[in-house]
Amino acid sequence: MGEPMGRRFAVGYALASKKQASFIQISLINVAKEKSIDLIKIDLEKPLIEQGPFDLVLHKIYGAEWRKQLAEYSAVNPNVLIIDSPDAIERLHNRISMLQVVTELNVVQCDTVSFGIPKQIAVYDARAVGELNLEREGLKFPVIAKPLVADGSAKSHKMSLVYNRDGLSKLKPPIVLQEFVNHGGVIFKVYVVGEYVKCVKRKSLPDVNEENLGSLKCSMSFSQVSNLNNMERCQDTYYKMMDLDDGKTEIPPMNFLVDIARGLRRAMGLHLFNFDVIRDTRIGNRYLVIDINYFPGYAKMPCYEHVLTDFFWDVLNDGNTDKKDVNLDGLKQSSCEQEVRMLVSNAGCDEDNGASKHPMSPLKREENENPIQV
Ligand SMILES: O=P(O)(O)O[C@@H]1[C@@H](OP(=O)(O)O)[C@H](OP(=O)(O)O)[C@H](O)[C@H](OP(=O)(O)O)[C@H]1OP(=O)(O)O
Ligand SMILES: Nc1ncnc2c1ncn2[C@@H]1O[C@H](COP(=O)(O)OP(=O)(O)O)[C@@H](O)[C@H]1O
Ligand SMILES: [Mg+2]
Ligand SMILES: [Mg+2]
């Protein structure tokens, strides 16, 4: 069968080699091709302005030089879509501004479910860290120390769970100290692709028994607990190992997540991101957003080829997905997912997500929890 006649679209992608290897799979190239979309690698060794023509530039590259190249390309090609805007992405490179947007979301309120962010403070001064009085800052042990900068480097994922004062002195600012919230060892990862939303469960840090705090050593280092290392990625059991199918943890109400996703998408001006959510076991139906990532590992999402291709198609044919959102009641469902839902159940995933209508939002917005700066 030949390809359909008519207009073809060129999507240029600029990705680091690891990202390219995971995201640009042959299955994605083929599904896109069938929809008249050609995925074309942007050569990072050459000026962007000399490449193309593209209808859309998809990118996850950091740094001033790349921003300059994008700006130059946009100035000469004003109709080309840049997904996403470097300024909008920038907000996610700092763990304070990243979560600030969650506290500013303006969504319909209801009594049954609420969301917010954990209490957190930024510490900039290395000399101040050992002297910190957590109680005065409204925090108590245990806390998680996270690098303030979230720029995709291995360093930016290196965290420690700090149990007591002694653990504080080892920390290297600039950091964020965030209240550790017991959440039953399960994290919800909510993937957003334009209007599409998908929630999966993953393993997380186990709960900490506060009564044992005194007997624990001062801190514990960790990195990307909900993800896999490179060796694990090569194994067949890839999805099984990562997705948590404990059969007992229910995912948060989908209409609730959809409202947060839509609010975030609009507030941040981003199309491609995911956010990590935990359920505060002390309170029950209270959910905390702890992390937002630009252009995450979509290839781990079932049917990602179709979801992403549908997204490219929509933005290329519309120019602006947000125009459509105004009248949007439910969520999009990928063409692949419509079929798959009938045939199989996705391990660790909500069966109905990505498709559910949400007439009444059960959201309750909490008061702003502005971080204190030290
Ligand atoms: O590598 P992957 O596929 O695990 O994706 C990473 C994401 O994993 P997730 O999809 O949330 O499970 C990962 O999410 P977490 O930070 O682990 O929550 C990041 O988005 C990471 O990007 P960066 O290092 O922050 O720039 C993502 O890494 P890049 O692929 O963008 O380098
Ligand atoms: N406030 C918190 N309370 C409990 N666990 C947390 C909290 N913040 C992070 N975690 C755990 O630490 C992991 C890494 O934190 P996260 O902020 O998502 O950083 P990263 O950007 O490296 O993914 C999370 O996936 C979760 O398991
Ligand atoms: Mg995370
Ligand atoms: Mg992150």
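Per an unreviewed UniProt entry, the protein is named Inositol-tetrakisphosphate 1-kinase, and its organism is Sesamum indicum. What the UniProt record of the protein gives under Function (unreviewed entry) is the line "Kinase that can phosphorylate various inositol polyphosphate such as Ins(3,4,5,6)P4 or Ins(1,3,4)P3." Per UniProt, the protein has the following entry under Sequence similarities (unreviewed entry): "Belongs to the ITPK1 family."

Undergrad: Run through the sheet that holds strand E14 (residues 286-294), naming residues and quoting values.
TA: The strand order E5-E14-E13-E10-E11 describes an open sheet built from five strands, whose pairing is mixed. Among the strands making up the open sheet, the edge pair consists of strand E5 (114-116) and strand E11 (196-203). Pairs of neighbouring strands in the sheet enclose a mean axial angle of 30°, with direction left out of account. Looking at chain direction, strand E10 (residues 186-193) and strand E13 (residues 272-279) are connected through six bridges and run antiparallel.

Undergrad: An account of the coordination of the magnesium ion (ligand 4) is needed here, citing residue identities and associated values.
TA: Within the protein, the magnesium ion (ligand 4) binds to Asp 291 (OD), Asp 291 (OD) and Asn 293 (OD1); these donor distances fall in the range 2.1 to 2.7 Å. The distance between the magnesium ion (ligand 4) and the magnesium ion (ligand 3) comes to 3.7 Å, with Asp 291 serving as a donor to both metals. Each of the two residues, Asp 291 as well as Asn 293, counts as buried.

Undergrad: Would you mind going over the site of ligand 1 in detail, with residue names and values included?
TA: As a matter of local geometry, ligand 1 sits amid 20 residues, with Lys 18, Lys 60, His 157, Lys 189 and Lys 300 nearest to it. Within the side chain of Asp 276, an N or O atom sits 3.1 Å from an oxygen atom of ligand 1. When ligand 1 is considered free in solution it has 610 Å² of accessible area, and contact with the protein chains removes 90% of it. For the shell around ligand 1, the secondary-structure elements that each account for two or more residues are helix H1 (17-23), E10, E13 and E14.

Undergrad: Go over the UniProt feature "binding site: Mg(2+) 2" (unreviewed entry) in the protein with me, naming the residues and quoting the values.
TA: According to UniProt, the feature "binding site: Mg(2+) 2" (unreviewed entry) maps to Asp 291 and Asn 293 in the numbering used here. As for its placement among the helices and strands, Asp 291 is situated in strand E14. On the basis of relative accessible area, Asp 291 is assigned to the buried category, the value being 12%. Setting aside residues no more than four positions away along its own chain, Asp 291 makes contact with Arg 95, Met 98, Leu 99, Asn 274, Phe 275 and Asp 276. By the element assignment, Asn 293 lies in strand E14. The residues touching Asn 293, leaving out its near neighbours within four places in the chain, are Leu 92, Lys 189, Leu 272, Phe 273, Asn 274 and Asp 276. A polar atom in the side chain of Asn 293 sits 2.9 Å from the side chain of Asn 274.

Undergrad: Any chance you could break down the pattern of salt bridges for me, citing the residues and the numbers?
TA: Taken as a whole and judged by the stated rule, the model has 12 salt bridges. Asp 38 is the partner of Arg 8 in a salt bridge, and the nearest nitrogen-oxygen pair spans 2.9 Å. With Arg 8 in the segment before strand E1 (9-15) and Asp 38 in strand E2 (residues 37-41), this residue pair connects regions lying 30 residues apart in the sequence. With a relative accessible area of 23%, Asp 38 lands in the partly exposed category.

Conventions we followed
Residues numbered from 1 in each chain as written. Chains lettered and ligands numbered in written order. Predicted model: local features only at pLDDT ≥ 70, side-chain atom pairs only at ≥ 80, totals over all residues. Heavy atoms only, no water. UniProt positions renumbered as here; feature names shortened; annotations may be inferred. Pairing = 2+ DSSP bridges. Helix = DSSP H or I, 4+ residues; strand = E, 2+ residues; numbered from the N terminus. Axes fitted to C-alpha atoms, helices over the stretch in contact; angles between N-to-C directions. Donors = N, O, S within 2.8 Å, 3.2 Å for Na, K, Ca; no water. Buried < 20%, exposed > 50% of the residue type's maximum accessible area, 1.4 Å probe, protein only. Near = heavy atom within 4 Å. Polar contact = N/O pair within 3.5 Å; in protein donor to acceptor, adjacent residues only side chain to side chain. Areas by Shrake-Rupley, 256 points an atom, 1.4 Å probe, with all protein chains shown as cover. Contact = heavy atoms within 4.5 Å. Salt bridge = Lys/Arg side-chain N within 4 Å of Asp/Glu carboxyl O.

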